Amino acid sequence: MLWGPRDPIFSDRYLKDLIGRLPDAKVHRFEGAGHLVAEDRDIAAPVFEWLAGCGPDSGPANELADGPADDAMLEFGTGPLKPGAGVPPLWAPLAELAAGPAAGDTAVAEMATDGSVARSLSWQELEQDIAALAAGLQDIGVGNGTRVSLMVPPGVDLTVVLYACLRLGAVVILADAGLGTRGLSRAVKGATPDFLIGIDKALAAASVLGWPGRRMSVRDLPARRRRLLAVETSLAALFRHGADLSPGLPRPGTAPVPDPDAPAAVLFTSGSTGPAKGVVYTHRRLAAMRDAVAATLEIRPGARLVAGFAPFALLGPALGAVSVTPAMDVTAPRTLTASALAHAAAAINATVVFASPAALRNVLATRVGLSRAGHEALGRVELLLSAGAPVPEALLAEVQRLLPRASLHTPYGMTEALPVTDISLEQIRAAAADAAAGTMAGAGNGVCVGRPVQGAHVAIIPLAADGTAPGNEPVREAGVSGEILISAPHVKEAYDRLWLTQRESIRTAGWHRTGDVGHLDAAGRLWVEGRLVHVVTAPGAVVTPVGAEQAIERLDDVGMAAVVGVGPSGTQAVVAVVETVPPVRRAGLAAPQLAGRVRDAARAAEVSVSAVLAVPSQPTDIRHNAKIDRSRLARWASAVLAGGRPGTP
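I will try to describe carefully the structure that is included in this document.

Cut-offs used in this document
Here the residue numbering is sequential within each chain, running from 1 through the sequence in written order. Local features in a predicted model are, by the rule used here, given only for residues with pLDDT of at least 70; side-chain atom pairs are given and counted only at 80 or more, and totals for whole chains, interfaces and linings are based on all residues. Only hydrogens and water are set aside when side-chain values are computed; all heavy atoms of the structure are taken into account. A run of H or I in DSSP becomes a helix once it reaches four residues, and a run of E becomes a strand once it reaches two; helices and strands are each numbered from the N terminus. Burial here depends on accessible area, computed with a 1.4 Å probe over protein chains only, as a share of the maximum for the residue type. Under 20% is buried, over 50% is exposed, and the range in between is partly exposed. We call two residues in contact whenever any of their non-hydrogen atoms come within 4.5 Å of each other. In short, Shrake-Rupley with a 1.4 Å probe defines the accessible areas, and a residue's cover is counted only from the protein chains shown. Between the first and last residue of a helix there are one fewer steps than residues, each counted as 1.5 Å, and that sum is the expected span. Only strands joined by at least two bridges in the DSSP assignment are considered to pair. Salt-bridge detection follows one rule: a side-chain nitrogen of Lys or Arg within 4 Å of a carboxyl oxygen of Asp or Glu.

## Description of the overall build of the chain
Link 1 in the chain: Helix and strand content of the chain: 21 helices and 31 strands.
Link 2 in the chain: Here the chain holds 649 residues, and the buried ones make up 54% of them.
Link 3 in the chain: For the chain, the share of sequence-separated contacts (at least 6 apart) that also reach a separation of at least 24 residues comes to 66%.
Link 4 in the chain: A total accessible area of about 27300 Å² is found for the chain, and carbon and sulfur atoms account for 54% of it.

## Focus: helix 5 (residues 123-139)
Link 1 in the chain: The terminal C-alpha atoms of helix 5, which comprises 17 residues, lie 24 Å apart, in line with the 24 Å expected from a rise of 1.5 Å per residue.
Link 2 in the chain: Counting buried residues in helix 5 gives 12 out of 17 residues, a clear majority hidden from the surface.
Link 3 in the chain: Trp-123, Leu-126, Glu-127, Asp-129, Ile-130, Ala-131, Ala-132, Leu-133, Ala-134, Ala-135, Gly-136 and Leu-137 are the residues of helix 5 that are buried.
Link 4 in the chain: Residue Gly-141 follows helix 5 closely and has a positive phi angle near 110°.

## As for the pairing of strand 6 (residues 147-151)
Link 1 in the chain: With respect to burial, strand 6 is a largely interior element, 5 of its 5 residues being buried.
Link 2 in the chain: Side chains of strand 6 alternate between two faces, with Arg-147, Ser-149 and Met-151 and Val-148 and Leu-150 buried alike.
Link 3 in the chain: Of the strand pairs in this sheet, strand 6 and strand 7 (residues 171-174) are connected by 3 bridges, and their pairing is parallel. Bridge pairing in strand 7 places Ser-149 opposite Ile-173.

## So, the pattern of salt bridges
Link 1 in the chain: According to the stated counting rule, one finds 22 salt bridges in the structure shown.
Link 2 in the chain: Glu-493 serves as the salt-bridge partner of Arg-285, at 2.6 Å between the closest nitrogen and oxygen. With a gap of 208 residues between them, Arg-285 in helix 11 (residues 283-297) and Glu-493 in the loop between strand 22 (482-487) and strand 23 (494-495) connect regions that are remote in the sequence.
Link 3 in the chain: By relative accessible area, Arg-285 is classed as buried at 7%.
Link 4 in the chain: Of the residues examined, Glu-493 reaches a relative accessible area of 33% and is grouped as partly exposed.
Link 5 in the chain: Of the charged contacts, one joins Arg-525 and Asp-434 as a salt bridge, the two residues approaching to 2.8 Å between their closest N and O atoms. One end of the pair, Arg-525, is in the loop between strand 24 (512-520) and strand 25 (526-531); the other, Asp-434, is in helix 17 (residues 425-437), and 91 residues separate them in sequence.
Link 6 in the chain: Of the residues examined, Arg-525 reaches a relative accessible area of 6% and is grouped as buried.
Link 7 in the chain: Here the salt bridges do not stand alone but share partners, grouping Arg-119, Asp-157 and Arg-219 into one network.

Below, the structure is given as structure tokens:
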């Protein structure tokens, strides 16, 4: 229990911040008294640490005040915000197109499995549907600050409800099925939505797993099923209701634009290195993300986007781009086929494609039999984007043959900031040449992800001998490996209700600490070497995994490779785990010939491998199907090398 007099420290602003940092506590404020009651959690240490930072000129809005400051950052980003600084809302391009000469053109579409367009809306229809649904949602209590969990697959319905909620000032919670059942349930419960809107499968999970929030279905449900799932209404019913509302009722077109610095969305990390974390974006930061993507990749109104990755399907309308979702399971990117991609591209005469590395691999694997029309549709694509995991140059070279006119880019970013850097295939080859020549400081040992995008800054906290990055003094010297720090207008506002995680991520003032490891070269390019938690501390050396993994993956009979550490910190053995081509029947020790070639390849990357294990397939994250779970492999390898049964990692 906290007691205090009537003091600025207990103003609504500070209480809201404190309560937001204690998600598991029952916190009560009694009117007329200057005290709080918090139950069911040991909160003394974090509360007193929080209090130490509070004062007349301090608080959450100023935690990042001492970082690098340029005009863009002062306006939007991690530096102090200009009072009243304005920014066009996320949906501004959408509204402009709906009112202009392109109003009747297709804005958003989704594909059927037979290659036909299942459903589409023009810009004008999209704007009208958003307005009608927003009015219906507003009438049942969705408004400023309301938390709404959207459990709807990418497509027309999700686009309409997302932008309707944003215009009302509601906070959209986007936790997708790619987190897996356990991860998804944890994310939804932690976000504590006021409303949950979902398809039947999501509503059934909500009933079984006890997810919070008043429930709404996408489509009208039979009365019996509605009662069974505790569903109050449907988007279809709210749309009809909103369309019939009298003109006197407040509508999104006349309602005030939400405060740019108010929360707009909670997005979730992939959970590939631990439980998925909720990441809060304000309207200002979402708009800055839109502008960074538009400026970096030159995606302008009129572009036509095939989005094989859910976030870009939702960002498309904000960019003014025609967006189509291909026929695939977006929670499993490797389900994207060449024919599905070609059908989607043909449907809108696509100029831009976004797909994960796993999706691209399957597109290439299924390209045999692609029709002439399919090849022609892909031949018109001008820009391909792939992110979520390192993309090998050899894979991009194969994709280039399928999309001969496209400029291939692999932007680097994360849920907390997308994009951070950008690089093209030609620039990847130039970086590789610099690394091979050995004449440029810092070139090599990792994946080159290019230079920072407009408004973004990158720096490094050097690694210590124990594999950590304990310092707080960022450096930009070429060849210094350490934790990657970023600062940009579109960096997340905070982690949702994860105060200690948030505090750790901003402990270097003005910067977001990514947890990734890498270095800069003399040309200002960033090279990513892995994750901080995956650094191997071998005797007398700190080993980052990606450089050696890349060298091993160049072997003809190796698909994906992972380098992990086994044993106590400081004396870890370096172990390589390889996915073979063709796959081995059982996981276990690699054949002697393969093991020898793997060791030689790693040695060329200046890494000495103690043991080589082979697996039929690598354990990867569900969302991207591309990020190897090195922590899981390390535990498995430790058990195998200790004499345990190999089993499946």
